[in-house]
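Listed here are the chains, written in short residue letters.
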Amino acid sequence: MSRQGRNGKSSSKPKNKKSGKRRDEAKKESVAREKAPAKKKVSTPAKPAMPKRISNTDEIRLNKYIANSGVCSRRDADMHIAVGSVTVNGKVINEMGYKVKFEDDVRFDGARINPEKKTYVLLNKPKGFATTTSESKGKTVMDLVANSTTARIKPIGRLGRGSTGLLLFTNDDVVAKKFTNSKTGVSRLFEIELDKDLKYEDFKKIQEGIKPMGKLIAVEEISYIDGAPKTLIGLKIKNTGNSILHTIFDHLKYEIVRVDCVQIGQLTKKDLPRGHWKHLTTQEVNTLQMM
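Definitions and limits used
Within every chain, residues take consecutive numbers counted from 1 along the sequence as written. Local features in this predicted model are restricted to residues whose pLDDT is 70 or higher, and side-chain atom pairs enter the listing and the counts only when it is 80 or higher, whereas totals over whole chains, interfaces and linings include all residues. Based on all heavy atoms of the structure, the side-chain values leave hydrogens and waters out of the count. Aromatic pairing here means that ring centres of Phe, Tyr or Trp (its six-membered ring) are within 6.5 Å. Orientation follows from the plane angle: under 30 degrees is stacked, over 60 is edge-to-face, and everything else is tilted. Per the convention used, a helix needs a DSSP run of H or I reaching at least four residues, while a strand needs a run of E reaching at least two, with both numbered from the N terminus. Burial classes follow relative accessibility: with a 1.4 Å probe on protein chains only, a residue under 20% of its type's maximum area counts as buried, one over 50% as exposed, and anything between as partly exposed. Whether a charge sits over a ring depends on NZ of Lys or CZ of Arg being within 6 Å of the ring centre and within 35 degrees of the ring normal.

> Residue-level account of the packing of aromatic side chains, with values.
For the structure shown, the criterion picks out four aromatic pairs. Taking the centre distance of 6.5 Å and the plane angle of 40° together, the rings of Y65 and F102 count as tilted. Residue Y65 is found in helix α2 (residues 62–68), and its partner F102 is found in the loop between β6 (99–101) and β7 (106–108); the two are separated by 37 residues along the sequence. Measuring from ring centre to ring centre gives 5.9 Å for Y200 and F203, while their planes differ by 10°; the resulting arrangement is stacked. Pair noted here: Y200 and F203 are both in helix α6 (residues 200–208), with a separation of three residues, about one helical turn. A relative accessible area of 51% means that Y200 is categorised as exposed. Every member of this aromatic cluster is reached through a ring pair, and the members are Y200, F203 and Y224. Its guanidinium or amino end placed over the ring of Y254, K196 lies 5.1 Å from that ring's centre, counting from NZ or CZ. Residue placement shows K230 over the ring face of Y224; its charged tip is 5.2 Å from the ring centre.

As structure tokens, this is what we get:
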């Protein structure tokens, strides 16, 4: 309520001048802040990322390579490396931590070793595939067994691009060497079709051994096939390739029309359709190793 003065007129309470002044100053500061340019944030430069060390997955420490091959433990492998029992590509290696590639020739006490599990794959090869590991030869047998294993297997022996039948793949050097010996190697049975009947006198010549260019070629067996024309024969020989077959029949003036490998040692095409592969059973591997 207003109070009456002495003259009878009402008067209101006087305003606080100091508080009003402070409000005016605060308002001016607020306006000034709004008009002032915004301060730029100074960002701290990021530290440069350290380059990642790229490891070569194709390489493996030599002691691990030896241990994976089943020769000995990694610790013992270091001892053998130190005394010079290990060579890589023909060179003695004494360096600890030395790295090798899977395709390197690593030998322990002179014998080549392999860090992969021994793998054996049997293929019934169709026509049109070259027997090679080269990628520049078009379609190869390696394309047919690409999904069979991660091991570095290779074909043992050869079948021509137009030939068919059994072909064995492995990373077992011991078994592979058996096939490279024409005297003590593994027998392969071929079914061969000729352009004309095989004369009996030529049959006997092959049976007794022929000497193209003065070098004896001996076969284990040769036979006519029951109920088939004389153009179709069976021939068993210890040899890694089928070029020897062409040598035999070219010498006797015959042309080979078709070659099919139907048996390797005791391995047959039973339950193995053309173009398919299978892993050998433990029994089949044991039989192969004992041959």
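> Quick rundown of unusual backbone geometry? Include the residues and the values.
Even without being a glycine, N89 presents a positive backbone phi close to 55°. The residue N89 is located in the loop between β4 (86–88) and β5 (91–92) in this model. Even without being glycine, M213 reaches a positive phi, approximately 55°.

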